[in-house]
Structures are given as C-alpha cells and as structure tokens.
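So the chains spell out like this:
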Amino acid sequence: MSVQESFRPVGEEPTGPVRRPGLILAFLCAAGFMTFLDVSIVNVALPTVEHELDISQTALPYVVTTYATVLGGFLLLTGRLGDSLGRRRMLQTGLLLFALTSLIAGIAQNAAMLIGARGAQGLGAAFIATSALSLLTSNFEEGPERNKALGAWGALSGIAAVVGVTLGGLLTDGPGWRWIFFINVPIGLVGALVAPRILGESRSSERRGSFDFAGAVLLTAGLISLTFSLGQTVDDSDVPTARIYGGFVLAAVLLIAFIFTERRAKAPLIPLGIFRRSSLRSANIIAILLIGTVGTLFFFASLFMQQVLNYSAIKTGFAYVPLALLTGVGAGIASGIVTKVAAKLVLLVGLAAAATGMVLLWRAPSDASYLIELLPAFVLLGLGLGASFVSLQISAFAGIKEEEAGLASGLINTAQEVGGALGLAVAATFAFRSIAELEAKTRGVPALITKARTDVFHDAFLVGAGFAVAAFLVTALLLPLTKPAPQPADEPAS
C-alpha cells in the first residue's frame, strides 16, 4: 500500500485532505506529547496532592503507576483496533475519552476518585498513543523520511517527560494542582474536532473480524495486580502477608493465562511470531529498562528536591528546565547521527550517559548544591535520554511492514509504559523497604528526618542507575547492529 492509498476512506475514492507531511507530523506528535506529558506532570504536584487528599507517601506511586499500567495494558488492543477499524477514528475516540477523564481527575475529592480517573485516563491515552504512532509509520516510508519522523516522535516522548515536571511545578504553584488535568480538556476536544481536516483514514489491509478483549483484560489485570502487590510490600498500614503474596500469585496466574490465551486466540494481541524480529524483541526489553529509569528519576528527584532540599513546587519545576532543554538537544543530535551511524551505537552512548547521571544523583548529599551536584547529573541525563529515545524508536521499527505498524507501535509503547510503572514500583519497593524503621530512629529530629529521607531517595536513584546499566548490557549483547538507511539519490535533471 502506498502512502497516498493509506488515506483512502473505506468504500470511497481518495477524497480526504491533501497530504501535508509537516502538518501531519506536528499534529500526531502533539497528540502523543499530551499522553507522554501526563505520565510525569503529576510528579511535582505529588507532595501537594498527598497533603490535600490525605494520601500516604507509600501509596503516592499509584497516582503514577495506575495511569501507566492501564495505558500499557491496553496499548496492544487499541493498536489492533486502529489497524482494523481505522486509526484516525481510534485517535479521535482516545482524545475525547482523555479529555473527559482529565476533567474527572481534576475534580477528584479523594484518593480513590483520583486514582480511578487516572486509570481511565490511561485507557484514553492507549487509543491516542498507538493510533498516532501507527499513522506516523503509515504516512512516512521506511528510510530517511520515516527515520526523521520517528526521531521527532522519540524526541518529543522524551521531552514531554521533562517538560511535564516543569509545567507541573508552574501549575501547582500557580492556579493549583488540579490544572495539571484541566489543561488537557480543551486540547483533547479541539484535537478530536480538527483531526479529519488534517488526517485521512488509515487502516491495515488485513481486516480482523474479532478482537482479543480477553487478552487485554488479562494483561492489564495482571500488571495492575503486580504493581499493587509491590506497593503493598512497603505500605505503612498493617497489610496481611497473605494478601501480599496472594497478589503476586494472582498476578502470575493472570499473566500465564494471558500467554495461553494468546496461543489459542484467533486474533491474538501478540502473535508470538513477531518476536522473531530480533530488533523489535530487544528494543522492547530496552524500553522497559530505560523508562524504568525515567519513571524512577522524576518521581524521586521531585520528592528529593521538595522534601530534602526544601524547594517549592515551582522551583522544582524550573530545576528541570536544563534537563528538558538538553533532552531536546540530545534528541536533535541523535536524529542527525542515526542517518550516518548505526542506531545501536548512538543508543549505547545515550544509556551510558543516563546511567552516569543517575549515579551522580545517588551521590548527592542532603545539602546538595544545584550547580555542583544536581545540574551535572541533569546535563548527562538530558543528553543521554534524548539520544536514547530517538535511537530506540528507530531500532524498534527497523524492517517493520505497514500492516504490522499497529502491533509494533503497541508493543513498544506497552514496553515503555509497563517499564515506567514496574520500574517505579520496584524502585519504591526497594527504597521504602525500611521506612518505618528509619522514621522510628529519627525521633522527630529535623536533621535526622532529612538524613533518613536522603537515604531513601539515594536507594531509589541507585535502582534507576541499575536499570540504565541493564539496558546498556542488553543493547550491547542482544540488539542487532543495523546499518542506517541509505539517503535517497538526487533526481536527475530533466
């Protein structure tokens, strides 16, 4: 199928909008940017949310992980729905759902209402993320054109993570934390309305008469059970041990049932044969580890700056500005290099820089100077993450056919969101493992409280560094070394 044919509405001649690559790319990146932004925008607001809605610190990760887990669990199904029912249609559905659930999150009056709305937000974001990325890959042919488009997408997904914490600080200290959700409402509504004017409909040539809803429910339920059980291991309430281990058993049963369901389903979410593509297989593992690093970074760095260094929410947000800018710089540099150098080599450099930045945060003292201790870490993390996001996206889509675009985008986005949720859950479990003991030792002395909090956050940064090192090793040992696509030859003069 040609790029132009992908715009043909079902049963009609190609009367859709004239193809405008720049506008299409900008619109799709903006839609994806909104969903990526909402993963991190709540981080700076968490101390305020904790106080206003009376959420315990050990339960705070659920505000982040519930969104990411539901998003990750349904990405595969929404990707297949887009392939079959129409990617633009699913994009519009996601934008409307995201706007509605953002409104509910903004008016939440308690923890349960907020966390529930965040989960529903994740479902809307699943429709947006896979449809937007599938539309991108189906509108730009493999080679330099698609590499540049994927580079822009990868850059924005990374930039959104750091812009989110900056914007979160501005909104929290400005109109209030509820506006981190209200801001999505007009954007989602306007995006759904203007989509038909910018995008033609696109779908896979392979139509499916059934969808694996059971698989999506089993996967999402298994991931939620796993992250919830990890959180309960450090819950400050008296949680029975049997409930914790029962949750892990339930997660294992659900995920095993998901695998068996996929093997027998007529239209499985994940045809197991897709994992024969070594680039996609390795890229998904790397994505889980890389976004685990990102999730750990923003959650715990935000708490470290506000609860140890006594930064305000807005000061915390501005502290991330160099990281945000340098993520864009790193992505821009990587986008130019990957057209000449194998993406694997760029990814290795990026991961090494990110791991080093996390180690510097691990060494930051409780009276850390921003210029001496934090800024060098943010410089390395910004450049490293920017380069990693771009090169990882390109590696994941190497050799992917148009009819596999929805599945591939669903897999890589699932890996990223699951990585963020599970990575944060693992880091929180490790960091908060001795929080009750540490609090008892402080005896209410401010200096001792600060020291205890520093130790907790240091443990989390160390876990984040471990994720980045593991991603580096997987890249070095498992990711194939693919040559950059050749640049198109200049047209001969007529």
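Residues numbered from 1 in each chain as written. Predicted model: local features only at pLDDT ≥ 70, side-chain atom pairs only at ≥ 80, totals over all residues. Heavy atoms only, no water.

Participant: For this particular structure, what's the right way to read the overall build of the protein chain?
Facilitator: Regarding its fold elements, the protein chain presents 18 helices and zero strands. Looking at the protein chain as a whole, 58% of its 494 residues are labelled buried. Put simply, 86% of the contacts in the protein chain that link residues at least 6 apart link residues at least 24 apart. Split by element, the accessible area of the protein chain, about 19300 Å² in all, is 66% carbon and sulfur. (Helix = DSSP H or I, 4+ residues; strand = E, 2+ residues; numbered from the N terminus. Buried < 20%, exposed > 50% of the residue type's maximum accessible area, 1.4 Å probe, protein only. Contact = heavy atoms within 4.5 Å. Areas by Shrake-Rupley, 256 points an atom, 1.4 Å probe, with all protein chains shown as cover.)

Participant: I tried to follow helix H8 (residues 184–198) on my own but got confused; where do I start?
Facilitator: Residues separated by three or four positions in an α-helix point in the same direction, a consequence of the helix having 3.6 residues per turn. For H8, which comprises 15 residues, the first-to-last C-alpha distance of 20 Å matches the rise-based estimate of 21 Å (1.5 Å per residue) to within 8%. The largest bend in H8 is about 35 degrees, located at Ala192, with the proline Pro196 one to four residues further on. (Expected span 1.5 Å × (residues − 1). Bend = angle between axes of the 7 residues up to and from the residue.)

Participant: Help me understand the packing of helix H1 (residues 21–40) against helix H5 (residues 111–139), please; the structure alone is not making it clear to me.
Facilitator: Two packed helices can be described by the angle between their axes and the distance between those axes. Where H1 meets H5, the axes come as close as 9 Å, and the angle between the chain directions of the two elements is 150 degrees. It follows that H1 is roughly antiparallel to H5 by the angle criterion. Helix-helix and strand crossings are classified by hand; for H1 and H5 the assignment is left-handed. Facing Ile24, Leu25, Leu28, Ala31, Gly32, Met34, Thr35, Asp38 and Val39 of H1, the residues of H5 in contact are Arg118, Gln121, Ala125, Ile128, Ala129, Ala132, Leu135, Leu136 and Asn139. Taken together, the residues of the contact of H1 with H5 break down into 12 nonpolar, four polar and two charged. (Axes fitted to C-alpha atoms, helices over the stretch in contact; angles between N-to-C directions. Parallel < 35°, antiparallel > 145°, perpendicular 65-115°, else oblique. Left-handed = near helix turned anticlockwise from the far one by under 90°. Nonpolar A, V, L, I, M, F, W, Y, C, P; charged D, E, K, R; others polar.)

Participant: Please clarify how the packing of helix H11 (residues 278–307) against helix H14 (residues 343–362) should be interpreted in this entry.
Facilitator: Following both chains from N to C, one finds H11 and H14 inclined at 30 degrees, their axes separated by 12 Å at the closest point. As the angle between them shows, H11 and H14 are arranged roughly parallel. Two packed elements cross with a definite hand, and for H11 against H14 that hand is left-handed. Residues Ile286, Leu290, Thr293 and Leu297 of H11 form the contact with H14, whose participating residues are Leu347, Leu351, Met358 and Leu361. Here the residues of the contact of H11 with H14 are counted per class, giving seven nonpolar, one polar and no charged.

Participant: What is the right way to look at the environment of Ala471 in this model?
Facilitator: Here Ala471 lies in helix H18 (residues 446–478). When the C-alpha positions of Ala471 and Thr293 are compared, they lie 9.5 Å apart, and in sequence the two are 178 residues distant. When residues no more than four places from it in sequence are discounted, the contact partners of Ala471 are Ile286, Leu289, Leu290 and Leu351.

Participant: How should I be thinking about unusual backbone geometry in this particular structure?
Facilitator: Excluding glycine, residues mostly carry a negative phi; peptide bonds, for their part, are mostly trans. Even without glycine at this site, Asp54 takes up a positive phi of about 55 degrees. With respect to the element layout, Asp54 can be found in the loop between helix H2 (46–52) and helix H3 (61–85). A relative accessible area of 69% places Asp54 in the exposed class. For Asn310, which is not glycine, the phi dihedral falls at a positive 60 degrees. Looking at the element boundaries, Asn310 is found in the loop between H11 and helix H12 (313–319).

Participant: Please clarify how the nonpolar core should be interpreted in this entry.
Facilitator: Grouped together as the largest cluster of nonpolar side chains are 142 residues, with contacts concentrated most on Leu91, Leu297, Phe300, Leu374 and Phe378. Top contributing element to this core by residue count: H11, with 16 residues. Excluding its chain neighbours within four sequence positions, the residues that come into contact with Phe300 are Leu424, Ala427, Ala428, Ala431, Phe432, Phe457, Ala460 and Phe461. (Core = buried A, V, L, I, M, F, W, Y, C linked by side-chain atoms within 4.5 Å.)

Participant: Teacher, can you tell me more about the pattern of salt bridges here?
Facilitator: When the charged atoms of two side chains lie near each other, side chains of opposite charge can form a pair. Considering all chains together, one arrives at two salt bridges under this definition. With a closest N to O distance of 3.4 Å, Arg118 and Asp38 form a salt bridge. Of this pair, Arg118 sits in helix H5 while Asp38 sits in helix H1; the two residues are 80 residues apart in sequence, bridging distant segments of the chain. Comparing Arg118 with Asp38 shows no difference in burial state: the two are buried. A salt bridge links Asp455 to Lys451, with the shortest nitrogen-to-oxygen separation between them at 2.9 Å. Pair noted here: Asp455 and Lys451 are both in helix H18, with a separation of four residues, about one helical turn. (Salt bridge = Lys/Arg side-chain N within 4 Å of Asp/Glu carboxyl O.)

Participant: Hey, could you run me through a nonpolar patch on the surface in this one?
Facilitator: Judged by side-chain polarity, Val329, Ile333, Ile337, Val341, Leu345, Leu383 and Leu481 come together as a nonpolar surface patch covering roughly 550 Å² of accessible area. Looking at where Ile337 falls in the secondary structure, it is placed in helix H13 (residues 321–337). (Patch = residues over 30% accessible without salt bridge, like charges linked within 9 Å, V, L, I, M, F, W, Y side chains within 5 Å.)

Participant: I would appreciate a short explanation of the side chain of Ser131 in the present structure.
Facilitator: Structurally, the position occupied by Ser131 is in helix H5. A polar contact is formed between the side chain of Ser131 and the backbone oxygen of Arg87, at a distance of 3.5 Å. (Polar contact = N/O pair within 3.5 Å; in protein donor to acceptor, adjacent residues only side chain to side chain.)

Participant: I'm lost on the side chain of Gln416 in this one. Help?
Facilitator: Along the chain, Gln416 turns up in helix H16 (residues 405–431). When neighbours within four sequence positions are excluded, Gln416 is seen to be in contact with Phe36, Ala287, Ile291 and Gln393.

Participant: I keep staring at the packing of aromatic side chains and nothing clicks. Help me out?
Facilitator: Ring pairs (aromatic) are described by centroid distance and by the angle formed between their planes. The tally for this structure, following the rule as stated, stands at 10 aromatic pairs. Ring centres of Phe300 and Phe457 lie 6.1 Å apart, and the angle between their planes is 55 degrees; this geometry places the pair in the tilted category. Taken together, the residues span a long stretch of sequence, with Phe300 in helix H11 and Phe457 in helix H18 at a distance of 157 residues. Taking relative accessible area as the criterion, Phe300 reaches 0% and is therefore assigned buried. Taken together, the ring pairs in this structure connect Phe299, Phe300, Phe304, Phe432, Phe457 and Phe461 into an aromatic cluster. Across the ring face of Trp362, the terminal group of Arg363 is positioned such that the distance to the ring centre comes to 5.4 Å. (Phe/Tyr/Trp six-rings, centres within 6.5 Å; stacked < 30°, edge-to-face > 60°. Lys NZ or Arg CZ within 6 Å of the ring centre and 35° of its normal.)

Participant: Would you take a moment to explain the confidence of the model for the protein chain for this structure?
Facilitator: Low pLDDT marks stretches whose predicted atomic positions should not be read closely. Mean pLDDT over the protein chain: 82, with 85% of residues reaching 70 or higher. Per-element mean pLDDT across the protein chain ranges from 67 in helix H17 (residues 435–442) up to 95 in H14. Below a pLDDT of 50 lies the segment residues 1–16, which in the model reaches 24 contacts outside its immediate sequence neighbourhood of four places, other chains included. Note on residues 489–494: pLDDT is under 50 here. Beyond four places in sequence and across chains, it has zero contacts. (pLDDT = per-residue confidence, 0-100.)

Participant: Explanation requested: the environment of Leu360 in the structure shown.
Facilitator: Positionally, Leu360 belongs in helix H14. Given the relative accessible area of 31%, Leu360 is considered partly exposed. Between the C-alpha atom of Leu360 and that of Leu380, which follows or precedes it by 20 residues, the distance is 9.4 Å.

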